Amino acid sequence: MKFGIFLGTEYPARQPMTRRVDALIEQVRLASALGFDSAIAGQHYLSYPVQILQPTPLLGRLAAEASDMRLGTGIVLLPLQHPVDMAEQIATLDHITGGKLIFGVGLGYEKEEFEAFGLDASQRAQRFEESLAIIKRLWTEDEVHFEGQHFTLHARPSAWPVQKPYPPVWIAANGHAPVRRAARLGDVWFANPHAKFETLAAQMGIYRDALAEFGTRQPEDIVVSRELFVAESREEAMRVARPALHERYRVYARQGQDLQLPPGDRFEDDFDELAAGRFILGNPANCIEEIRRYEALGFNYLIIDYHWLDLDDDTALRTLRLFGERVMPAFR
């Protein structure tokens, strides 16, 4: 089992972001020292009342602290980007990280973001596939001619990544159709961080069936992200995590995040029902036992999301250290 951290890049709007950058630098240094495999940064726009650090410049700064860890976008909202710009930005980052970049991509779901970019959200899947196809070709071909529904390109590429043929591509998938898309394209399936365990179990079957249907070779990694908090006791973990996670998922529900999940998987308002099969909370032994379930399901890479907007930086560092010293060794 490999382990990565999901970087908490959110901060209250109008507050100076320097403090958030400093906190992330400290977390990446600690994660590297503890032997984590990667650090991942997400992306959103216009997220008032919070502000979010954009991943590509942030990862360029964090590369100086990451040592042997991989850094990755988790995820870039690919339908909102132009593929030429994204191909060259990611190729640049791959050089800055010494060939250790992960390119995580997804569809996005917030209507306000698409409206701000003047795009139709109903066309996001087509834009996603065209954009990803162009990016891969810009990284591997000497001349690219592409005519699609959303993009037309006739160009000679000028920026190539270090990794060959290109950095690992992680495709985030909430619903069943995106899981099949990841299998069809042959890229890494980055499983939904919000789905219940039972949903992921069903999707693992869908993913493997799709690999066989499309004749696609399974990538080395199958990745899942979980909200996780570890403390010396389960009671302490629940006490600290409950208010932060409960409010976070109420916001997600208002934004329609759970509508991206398969039918039957929705965010319950009761915290115990919400947490069951969705969060990993407890003492080190509890966390080890729960992670074993995901390992048995077929996942071999876990990204832990342990630092939420309402959680202070010192608490985040303590749970990160406890996970690295008391949980990870059980899988190494």
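Every value quoted in this text rests on a predicted model; they were computed, and no experiment measured them. (Residues numbered from 1 in each chain as written. Predicted model: local features only at pLDDT ≥ 70, side-chain atom pairs only at ≥ 80, totals over all residues. Heavy atoms only, no water.)

Asks: If you had to explain the packing of helix α10 (residues 284–297) against helix α11 (residues 313–327) to someone new, which residues and values would you point to?
Replies: Look at α10 against α11: their axes get within 10 Å of each other, and the N-to-C directions meet at 70 degrees. Accordingly, the angle class assigned to the pair α10 and α11 is roughly perpendicular. Contact residues: α10 offers P284, C287, I288 and I291, while α11 offers L322, F323, R326 and V327. Tallied by class, the residues present in the contact of α10 with α11 amount to seven nonpolar, no polar and one charged. (Axes fitted to C-alpha atoms, helices over the stretch in contact; angles between N-to-C directions. Helix = DSSP H or I, 4+ residues; strand = E, 2+ residues; numbered from the N terminus. Parallel < 35°, antiparallel > 145°, perpendicular 65-115°, else oblique. Contact = heavy atoms within 4.5 Å. Nonpolar A, V, L, I, M, F, W, Y, C, P; charged D, E, K, R; others polar.)

Asks: Requested: an account of the pattern of salt bridges, with residues and values cited.
Replies: Working definition: two side chains of opposite charge can pair if their charged atoms are close together. With the rule as written, the count across this model stands at 25 salt bridges. Among the ionic pairs, K2 bridges to E220, the shortest N-O distance being 3.1 Å. Within this pair, whereas K2 is found in strand β1 (residues 2–6), its partner E220 is found in the loop between α7 (197–214) and β11 (223–230), the two being separated by 218 residues in sequence. You can call K2 partly exposed: its relative accessible area is 25%. (Salt bridge = Lys/Arg side-chain N within 4 Å of Asp/Glu carboxyl O. Buried < 20%, exposed > 50% of the residue type's maximum accessible area, 1.4 Å probe, protein only.)

Asks: Run through unusual backbone geometry, naming residues and quoting values.
Replies: That bond from Y48 to P49 is cis: its omega, 20 degrees, falls within 30 degrees of zero. Along the chain, the position of P49 falls in the loop between β3 (38–41) and β4 (50–52). Backbone geometry at L46 places phi at a positive 50 degrees, although glycine is not the residue there. Of note, L46 is situated in the loop between β3 and β4.

Asks: So what about α7? Which residues, and what values?
Replies: Spanning 18 residues, α7 covers 25 Å between terminal C-alpha atoms, matching the ideal 26 Å at 1.5 Å per step. Those residues of α7 not exposed but buried are F197, T199, L200, Q203, M204, Y207, A210 and L211. For α7, the angular spread of the buried residues around the axis is 140 degrees, confining them to a single face. Facing away from the buried surface of α7 by more than 90 degrees, the exposed residues are E198, D209 and A212. Close packing links the buried residues of α7 with α6 (176–185), β10 (188–191), β11 and α10. (Expected span 1.5 Å × (residues − 1). Arc of directions from axis to C-beta.)

Asks: Just give me the short version of a negative patch on the surface, but keep the residues and values in it.
Replies: A contiguous patch of negative charge on the surface is contributed by D22, E26, D312 and D314. As for its placement among the helices and strands, D312 is situated in the loop between β13 (301–305) and α11. Using a relative accessible area of 39% as the deciding quantity, one classes D312 as partly exposed. (Patch = residues over 30% accessible without salt bridge, like charges linked within 9 Å, V, L, I, M, F, W, Y side chains within 5 Å. Areas by Shrake-Rupley, 256 points an atom, 1.4 Å probe, with all protein chains shown as cover. Lys, Arg positive; Asp, Glu negative; His and termini not counted. Charge placed at Lys NZ, Arg CZ, Asp CG, Glu CD.)

Asks: Account for the pairing of β11, with residues named and values stated.
Replies: A large share of β11 lies buried, amounting to eight of its eight residues. Judged by which residues are buried, β11 turns out to be covered on both faces: V223, S225, E227 and F229 on one side and V224, R226, L228 and V230 on the other are all buried. One ladder, built from two bridges, connects β10 with β11; its direction is parallel. Within β11, the position partnered with A191 by the bridge is V224. Relative to β13, β11 runs parallel, the two sharing five bridges. Following the sheet pairing, E227 is matched in β13 by D305. Taken together, the four bridges between β11 and strand β12 (residues 279–282) define a ladder with parallel strand orientation. (Pairing = 2+ DSSP bridges.)

Asks: Which residues make up helix α1 (residues 18–34), and what values go with them?
Replies: Look at α1: 25 Å from first C-alpha to last across 17 residues, which is about the 24 Å you get at 1.5 Å a residue. Along α1, the residues that are buried comprise R20, A23, L24, I25, Q27, V28, L30, A31, S32 and L34. Phi turns positive, to about 95 degrees, at G35, one or two residues after α1.

Asks: Can you lay out the side chain of T97 for me, pointing to particular residues and giving the numbers?
Replies: Secondary-structure assignment places T97 in the loop between α3 (83–96) and β6 (101–106). What makes T97 buried here is its relative accessible area of 7%. Of the polar contacts made by the side chain of T97, one reaches the backbone nitrogen of L101; its length is 3.5 Å. Contacts of T97, omitting those with residues within four sequence positions, involve A63 and L71. (Polar contact = N/O pair within 3.5 Å; in protein donor to acceptor, adjacent residues only side chain to side chain.)

Asks: So what about the packing of helix α5 (residues 124–140) against α6? Which residues, and what values?
Replies: Between two packed helices, what matters for the description is the angle formed by their axes and the separation of those axes. Packing of α5 against α6 leaves a shortest axis separation of 13 Å and a crossing angle of 20 degrees. By the angle class used here, α5 and α6 are roughly parallel. By crossing handedness, the relation of α5 to α6 is classed as right-handed. When α5 is examined against α6, the residues A125, F128, E129, L132 and K136 are found in contact with a partner set consisting of R181, R184 and L185. Split into classes, the residues belonging to the contact of α5 with α6 amount to four nonpolar, no polar and four charged. (Left-handed = near helix turned anticlockwise from the far one by under 90°.)

Asks: Before we move on, can you summarise the packing of aromatic side chains with the specific residues and values?
Replies: Applying the stated criterion across every chain, the model contains 16 aromatic pairs. Between W189 and Y207, the aromatic rings sit 5.2 Å apart at their centres with planes inclined by 35 degrees, giving tilted as the arrangement. With W189 in strand β10 and Y207 in helix α7, this residue pair connects regions lying 18 residues apart in the sequence. Residues F229 and W308 carry aromatic rings whose centres are separated by 6.1 Å and whose planes lie at 40 degrees to one another, so their mutual orientation is tilted. Of this pair, F229 sits in strand β11 while W308 sits in the loop between β13 and α11; the two residues are 79 residues apart in sequence, bridging distant segments of the chain. A residue is classified by how much of its surface remains accessible, and F229, at 4% relative accessible area, is buried. Every member of this aromatic cluster is reached through a ring pair, and the members are Y249, Y252, F267, F271 and F279. Stacked on the ring of F331, the Lys or Arg R292 has its end atom at 4.3 Å from the ring centre. (Phe/Tyr/Trp six-rings, centres within 6.5 Å; stacked < 30°, edge-to-face > 60°. Lys NZ or Arg CZ within 6 Å of the ring centre and 35° of its normal.)

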